[in-house]
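Observations on chain architecture
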Amino acid sequence: MTSFVVTPTGRPLAGHVVAPGDKSIGHRALLFSALAATPVRVRGLGSGADNGRTARAIVALGATTARDGDELVVRGPGLRHLSAPPAPIDCGNSGTTIRLLTGLLAGQPFASELFGDESLSRRPMARVIAPLRAMGATITGKDGGADVTPPLRIAACVERLRGCDHALAIASAQVKTALVLAGLTATGTTRVREPWRSRDHSEHLLAAMGAPLTVADRAVEVDGDGWDGRLAIDRIVVPGDPSSAAFLVAAALVAGVGDGGVGVGPITVNPTRTGFLDVLAAMGAVIERRDPFTYFRGEDGATLVVAAAPDGLRGTTLGGELVVRAIDEVPILAAVAAVAEGETVITDAGELKVKESDRIATTVAMLRAFGVEAEAQGEGLVVVGRGRRPLRAARVHAEGDHRIAMAASVLALVADGPSRIDDADNVATSYPGFLAAMTSLGADLRAEP
Ligand code: S3P
């Protein structure tokens, strides 16, 4: 089991880091390429283990992948010609892999089975299975009390699925995408409505590939009738990952910015992903978006340049729609809140309880390990910022959660001695280059077995 040891240097950070490929878009680039009728060149994929799970899954479904320089060439069997996987598909730690595959495989004429690691085996799947069952799919899993959990068995779909009109109780891009993929194989119209708009990468990419898809404000609709099932695109450029960049931006805010500044990018600045930048701005951070450009329609890019918070950081409130746009950044935002002046109150974040760990509990425990006053409160948490008062060196157990391990590493930069973060292996699921990136900015971070 890997631990990170972080020794505060007392020096501010400086340098430029190239952001790794976005994990969310990487999953979609791989999976959708396998559904295409023509070869697709995918550029900019990150090397995280989660994307690796999706890459192996598409091979199990009949695609081939080959490296060509910095591109991966995916030759898919196409949406209507996937083959039965020879063995159960291992989704590892990746919720996106298992949920997207469940939607795709629900309408296929062969049976399949999906499973994952211990953390994934605890995660709720009823949110995706219930609407798929209503469309005619037969899916069973382990009954984990009120919910269904992996492993999932998906029966061969004998008759085509039927479209549905489904209102999601919770905004979820994974469930939305799963239902859209099922809708591509279904008869009639499949409509998915969300209480808030979750990340919309699937909509942009599938529309660019010719899917019969329309998007209204908080609804997406797929019309499976009168469509030949053909998806095509020559090349997909995977943008840089804002969720990985967020840790480096936060590190610069926490440890301070030295001569030459701290830059991270380029990343997608799709507004469904940049809630954390709005939150940090409300806390007093000044983060410039430099060199704007467009990756593809719907995904604009920029490089983030962090200036030290000129008047210091102050606490804020975070709830509602903003939480959806910053869902994966709550642990690192809570870490920044710990060194701000005043309280930060985070609400409407119940979803965090069913991520890779119970992130309300693990975030609170991580903050307390550094001597920060924090408390779980209903569907959220409260953090009492310590301002410039020093943090206590900590020993943190990351509970196998990559984002908790990285958030703790950032806070450890300003503790009063070396900190140790145990169970940090899963940082490799999203950001294998995290340690090297932090080191290149001047932090003293090393991994120990
Ligand atoms: C993701 C969507 C989000 C996010 C996850 C990745 C995606 O989950 O937390 O890390 O790639 O679609 P939900 O859709 O369940 O909110």
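Residue numbering note: each chain is counted from 1, following its sequence as written. For this predicted model, a pLDDT threshold of at least 70 governs which residues receive local features, and a threshold of 80 or more governs which side-chain atom pairs are given and counted, while totals over whole chains, interfaces and linings are taken from all residues. For the side-chain quantities, the full set of heavy atoms in the structure was used; hydrogens and water were omitted.

Description of the site of the ligand
A single heavy atom is enough: if one lies within 4 Å of a molecule or strand, its residue is considered near that molecule or strand. Surrounding the ligand, one finds Ser-24, Arg-28, Thr-96, Ala-171, Ser-172, Ala-173, Gln-174, Arg-199, Ile-327, Asp-328 and Lys-355. N or O atoms closer than or at 3.5 Å make up a polar contact, with two conditions inside protein: a donor-capable atom paired with an acceptor-capable one, and, for residues adjacent in sequence, both atoms drawn from side chains. In this structure, an oxygen atom belonging to the ligand sits 2.6 Å away from a side-chain N or O atom of Arg-28. Lining residues are defined by having an atom within 4 Å of a point belonging to a cavity or pocket. Those points lie on a 1 Å grid over the protein atoms alone, cavities being sets where a 1.4 Å probe fits but cannot get out and pockets being open sets with protein on both sides within 12 Å along at least five of seven lines. For a cavity or pocket, the test is whether more than half of a molecule's atoms lie within 2 Å of its grid points; if they do, the molecule sits there. Among the cavities detected, the one that contains the ligand is the largest pocket. Secondary structure follows DSSP: runs of H or I at least 4 residues long count as helices, runs of E at least 2 residues long count as strands, and numbering of each begins at the N terminus. When residues of the shell around the ligand are traced back to their parent elements, those giving at least two are helix 1 (23–34) and helix 5 (173–185).

So, the packing of aromatic side chains
By convention here, two paired aromatic rings are described through the distance between centres and the angle between planes. To pair, rings of Phe, Tyr and Trp, with the six-membered ring standing in for Trp, must have centres within 6.5 Å; the planes then decide the type, stacked if under 30 degrees apart, edge-to-face if over 60, and tilted in the middle. Scanning the entire structure with this criterion turns up four aromatic pairs. Aromatic pair Phe-4 and Phe-434: ring centres 6.4 Å apart, planes at 25°, arrangement stacked. Highlighted residues: Phe-4 in strand 1 (residues 3–7) and Phe-434 in helix 14 (residues 434–440), separated in sequence by 430 residues. Across the pair, Phe-434 and Phe-4 agree in class, each one buried. Each residue in the set Phe-4, Phe-247, Tyr-431 and Phe-434 is aromatic and connected to the rest through ring pairs, giving one cluster. Whether a residue is buried, partly exposed or exposed follows from its accessible area with a 1.4 Å probe, protein chains only, as a fraction of its type maximum: under 20%, in between, or over 50%, in that order.

Points about the layout of surface pockets
Approximately 650 Å³ is the volume attributed to the largest pocket. If you go around the largest pocket, you meet 39 residues; those closest to its centre are Ala-171, Ser-172, Ile-327, Glu-351 and Lys-355. Elements represented by at least two residues in the lining of the largest pocket include exactly helix 1, helix 3 (95–106), helix 5 and helix 9 (321–324). In terms of residue count, the dominant contributor to the lining of the largest pocket is helix 1 (four residues). Polarity classes work like this: nonpolar for Ala, Val, Leu, Ile, Met, Phe, Trp, Tyr, Cys and Pro, charged for Asp, Glu, Lys and Arg, and polar for all others, with Gly in that last group. For the lining of the largest pocket, the class distribution of residues is ten nonpolar, twelve polar and 17 charged. Domain start and end points were adopted from an automatic or database domain assignment. The residues that make up the lining of the largest pocket include at least three from each of domain 1 (3–21 + 239–448) and domain 2 (23–227). Grid points are joined across faces, edges and corners, and a volume is the space filled by probe spheres set on the points. Its boundaries defined by the atoms lining it, the second largest pocket holds a volume of some 360 Å³. Looking at the second largest pocket, it is lined by 18 residues, and the ones nearest its centre are Leu-253, Val-254, Val-339, Gly-387 and Arg-388. No other element matches helix 7 (residues 242–255), which puts four residues into the lining of the second largest pocket. Of the residues assigned to the lining of the second largest pocket, the class counts are eleven nonpolar, three polar and four charged.

Here we look at the sheet that holds strand 21 (residues 380–386)
When DSSP finds at least two bridges between two strands, those strands are taken to pair. Strands sit in the order 18-19-21-20 across an open sheet of four strands; the sheet is mixed. At either margin of the open sheet sits one strand with a lone partner, and together these are strand 18 (317–318) and strand 20 (373–377). As defined by bridge partners, strand 18 adjoins strand 19 (residues 341–346) across two bridges and the pair is classed as parallel. Following the sheet pairing, Leu-318 is matched in strand 19 by Ile-346. Note on definitions: a residue-residue contact is assigned when non-hydrogen atoms from the two residues lie within 4.5 Å. Between N-to-C directions, angles span 0 to 180 degrees; the directions come from axes that are lines fitted to C-alpha atoms, helices contributing only their stretch in contact. Most of the contacts of helix 10 (residues 330–338) go to strand 21, to which it runs at about 30°, and overall it touches strand 18, strand 19 and strand 21.

Here's the deal with empty space enclosed by the protein
Here the structure, examined in full by the defined rule, presents three cavities of 30 Å³ or more. One number sums up the size of the largest cavity: a volume of about 50 Å³. In this structure, the largest cavity is lined by Lys-176, Glu-194, Arg-197, Glu-203, Val-215, Ala-216, Asp-217, Arg-218, Ala-219 and Val-220. Contributing elements (two or more residues each) for the lining of the largest cavity: strand 12 (213–216) and strand 13 (219–223). Secondary structure elements with two or more residues in the lining of the second largest cavity: helix 1 and helix 3. Taken together, the residues of the lining of the second largest cavity sort by class into three nonpolar, four polar and no charged.

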